[in-house]
Amino acid sequence: MPVDHKAATDRLMRFLAVEGVTGQEAAIGRELTAALKEAGVPAKAIRLDDANTRIPVPTETGNLVVDLPGRGVLHNQPRIMFMTHMDTVPLCAGARPKLSGRKIVNEAKTALGGDNRCGCGVLVTLAAELSRQKLDHPPITLLFCVREESGLYGARHVKLDELGAPAMAFNYDGGSASNVVIGAVGADRWTVEIFGRASHAGVAPERGISATMIMALALADVKAGGWFGKVVKGKKQGTSNVGPVTGGEGRPAGDATNVVTDYVHVRGECRSHDGKFFKEITKAYKAAFEKAAKKVTNAQGKSGKVKFKAETDYYPFRMKESLPVVKRAIEAVSAVGGTPNVRAANGGLDANWMVRHGIPTVTFGAGQNEAHTIDEWINLDEYDRACALALQLATMR
């Protein structure tokens, strides 16, 4: 079952040239639809779902879903699904892909977008090769998700009854095609609004309540307690990070240094492979901000206040290696000349939500390197292996 690697690379270059940052996937959705039709997929088999109507942040389009009926002796076997995400991080805007030997590099000072145009290339190549070679295969669903990079929203809000009840799924994301990812962390995303009291910092600082100082005391407390960065508490491990700190649009009384800051907005995250521990980390942040707010008072004895909100972005999972989906993945990687590397990921994947939806899902890489940086590049040998792997997974008996 040789793959037409030139055609696969041409598709990848084509997709890399289409901008489609997270939440703005309409253009790449149209390009994928056109490429699928060129590959022999009937127009009636391609559709957009309405996940974007349930996603709580602006999203141009829904997930792209493709139904491939089974063929030959495998036509009545259980349905399987191949999935990827079609958005890129905002840093990819303006990318200019360029072939350089067995690599694809970027002529612009942006991220390249191999995460996850590589996955898109693999799935379209799979459809093309199944059609071109007229290979026997079970019914297949192809799922191209939106807004993976900003919260796994497409996978979270997909309607299961539109996927055809697949028995298992194979997700393409970053790294090596030999990585058999069977688990991933869970994560909370949190925000805290800190409310102080404005006052002239030179004339009457004692009347003010500094929201900035509340934040500083809280974060110092978190750091001293061992809850920031890599978090280890006995046998439990996780991570946390404090992200952007802003005044929020129109919220502070002023942005000059001579005003005691009355409002600060902070965002952060907590992660762990332990489904309870990442919530413990979040709880520590909440307690630290509430404690700090009580400590910062003005001359009248009034203290600051905080409003802390946390939401679970995705839940951790770890599948057993005895599951059919894992066995199939390991066998397929070996069949295309790879050495299976069974592992868990420290980042969230669309697979987190698929597994929670009840569809066991293994994730592979497709040659992406240095994702989310201006040094991103694509290893075409790994990309070719990922394409061959998809074809192997789709046609195994």
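Residues numbered from 1 in each chain as written. Predicted model: local features only at pLDDT ≥ 70, side-chain atom pairs only at ≥ 80, totals over all residues. Heavy atoms only, no water.

- Under an unreviewed UniProt entry, the chain has the name M20/M25/M40 family metallo-hydrolase and belongs to Bradyrhizobium vignae.
- In UniProt, the chain has this text filed under Cofactor (unreviewed entry): "Zn(2+)". (UniProt positions renumbered as here; feature names shortened; annotations may be inferred.)

Re the side chain of Asp173
Then, in step 1: For Asp173, the location among the structural elements is in strand β7 (residues 168-173).
Then, in step 2: Of the side chains bearing the opposite charge, Arg343 lies closest to the buried Asp173, which forms no salt bridge; the N-O distance is 10 Å.
Then, in step 3: Excluding residues within four positions of it along the chain, Asp173 makes contact with His85, Asp115, Asn116, Glu148, Leu349, Thr363, Phe364, Gly365, Ala366 and Gln368. (Helix = DSSP H or I, 4+ residues; strand = E, 2+ residues; numbered from the N terminus. Buried < 20%, exposed > 50% of the residue type's maximum accessible area, 1.4 Å probe, protein only. Lys, Arg positive; Asp, Glu negative; His and termini not counted. Salt bridge = Lys/Arg side-chain N within 4 Å of Asp/Glu carboxyl O. Contact = heavy atoms within 4.5 Å.)

Observations concerning the environment of Asn241
Then, in step 1: As for its placement among the helices and strands, Asn241 is situated in strand β11 (residues 236-246).
Then, in step 2: On the basis of relative accessible area, Asn241 is assigned to the partly exposed category, the value being 37%.
Then, in step 3: Distance from Asn241 to Arg271, taken between C-alpha atoms, is 9.0 Å for residues 30 residues apart in sequence.
Then, in step 4: Residue contacts for Asn241: discarding those within four places in its chain leaves Trp190, Phe228, Gly268, Glu269 and Tyr285.

Some points on the nonpolar core
Then, in step 1: Counting 69 residues, the largest nonpolar core has Leu36, Phe82, Leu142, Phe144, Tyr172, Val362 and Phe364 as its most contacted members.
Then, in step 2: Looking at which element gives the most residues to this core, the answer is helix α9 (residues 380-395), with 9 residues.
Then, in step 3: Filtering out sequence-adjacent residues up to four positions away, Val362 remains in contact with Ala169, Phe170, Asn171, Val180, Val181, Ile182, Met319, Val325, Val326 and Ala329.
Then, in step 4: Counting residues in hydrophobic clusters, the runner-up holds 25 residues, among them Val222, Trp227, Val242 and Ile281. (Core = buried A, V, L, I, M, F, W, Y, C linked by side-chain atoms within 4.5 Å.)

Quick look at the environment of Asp221
Then, in step 1: Tracing the backbone through its elements, the reader meets Asp221 in helix α5 (residues 211-224).
Then, in step 2: Assessed through its relative accessible area of 30%, Asp221 is described here as partly exposed.
Then, in step 3: Sequence separation of Asp221 and Phe289 is 68 residues, and the distance between their C-alpha atoms is 8.8 Å.
Then, in step 4: Excluding residues that lie within four positions of it along the chain, Asp221 makes contacts with Ala288 and Lys291.

Brief notes about the packing of aromatic side chains
Then, in step 1: Going through the model one piece at a time under the given rule, you end up with 10 aromatic pairs.
Then, in step 2: Between the aromatic rings of Phe82 and Phe170, the centroid separation amounts to 5.7 Å while the plane-to-plane angle is 40°, which identifies the pairing as tilted. Taken together, the residues Phe82 in strand β3 (residues 80-85) and Phe170 in strand β7 connect sequence positions 88 residues apart.
Then, in step 3: The class of Phe170 is buried, set by a relative accessible area of 0%.
Then, in step 4: Taken together through their ring pairs, the aromatic side chains of Phe82, Phe170, Tyr172 and Phe364 make up a single cluster.
Then, in step 5: Note that Lys103 overlies the ring of Trp377, its terminal NZ or CZ placed 4.6 Å from the centroid.
Then, in step 6: Sitting above the plane of the Trp227 ring, Lys233 keeps its charged end 4.5 Å from the centroid. (Phe/Tyr/Trp six-rings, centres within 6.5 Å; stacked < 30°, edge-to-face > 60°. Lys NZ or Arg CZ within 6 Å of the ring centre and 35° of its normal.)

A closer look at the layout of surface pockets
Then, in step 1: In this structure, the largest pocket occupies an estimated 850 Å³ of space.
Then, in step 2: In this structure, the largest pocket is lined by 36 residues; those nearest its centre are Glu149, Arg271, Gly347, Gly348 and His372.
Then, in step 3: Among the elements of the structure, β8 (179-184), β9 (186-195), β11, β12 (263-272), β13 (305-314), β15 (341-345) and β16 (361-365) are those that each provide at least two residues to the lining of the largest pocket.
Then, in step 4: The dominant element in the lining of the largest pocket, judged by the number of residues it contributes, is β12, at 4 residues.
Then, in step 5: Broken down by class, the residue content of the lining of the largest pocket amounts to 9 nonpolar, 16 polar and 11 charged. (1 Å grid on protein atoms, 1.4 Å probe; cavity = no way out; pocket = protein on both sides within 12 Å on 5 of 7 lines; lining within 4 Å. Points joined across faces, edges and corners; volume = space filled by probe spheres on them. Nonpolar A, V, L, I, M, F, W, Y, C, P; charged D, E, K, R; others polar.)

As for helix α6 (residues 277-295)
Then, in step 1: A rise of 1.5 Å per residue sets the reference length of α6, with its 19 residues, at 27 Å; its end C-alpha atoms lie 27 Å apart and thus fit the reference within 8%.
Then, in step 2: Inspection of α6 places Phe277, Phe278, Ile281, Thr282, Ala284, Tyr285, Ala288, Phe289, Ala292 and Ala293 among the buried residues, and these make up the whole buried set.
Then, in step 3: Where α6 is buried, its residues contact β9, α5, β10 (229-233), β11, β12 and β13. (Expected span 1.5 Å × (residues − 1).)

Remarks on the pattern of salt bridges
Side chains that carry opposite charge are capable of pairing whenever their charged atoms lie near each other.
Then, in step 1: Evaluation of the coordinates by the stated rule reveals 18 salt bridges.
Then, in step 2: In this structure, the salt-bridge partner of Arg14 is Glu31, at a minimum N-O distance of 2.7 Å. With Arg14 in helix α1 (residues 5-16) and Glu31 in helix α2 (residues 26-38), this pair connects stretches of sequence that are 17 residues apart.
Then, in step 3: Look at Arg14 and you get partly exposed, because its relative accessible area is 25%.
Then, in step 4: A residue is classified by how much of its surface remains accessible, and Glu31, at 25% relative accessible area, is partly exposed.
Then, in step 5: Ionic contacts of the salt-bridge type, sharing partners, join the residues Arg14, Glu31 and Glu38 into one network.

Section: the packing of α1 against α9
Then, in step 1: At their nearest, the axes of α1 and α9 sit 10 Å apart, and the two run at 110° to each other. In terms of orientation, α1 lies roughly perpendicular with respect to α9. Across the interface between the two elements, His5, Ala8, Thr9 and Leu12 from α1 touch Leu380, Tyr383, Asp384 and Cys387 from α9.
Then, in step 2: In terms of residue class, the contact of α1 with α9 is built from 5 nonpolar, 2 polar and 1 charged. (Axes fitted to C-alpha atoms, helices over the stretch in contact; angles between N-to-C directions. Parallel < 35°, antiparallel > 145°, perpendicular 65-115°, else oblique.)

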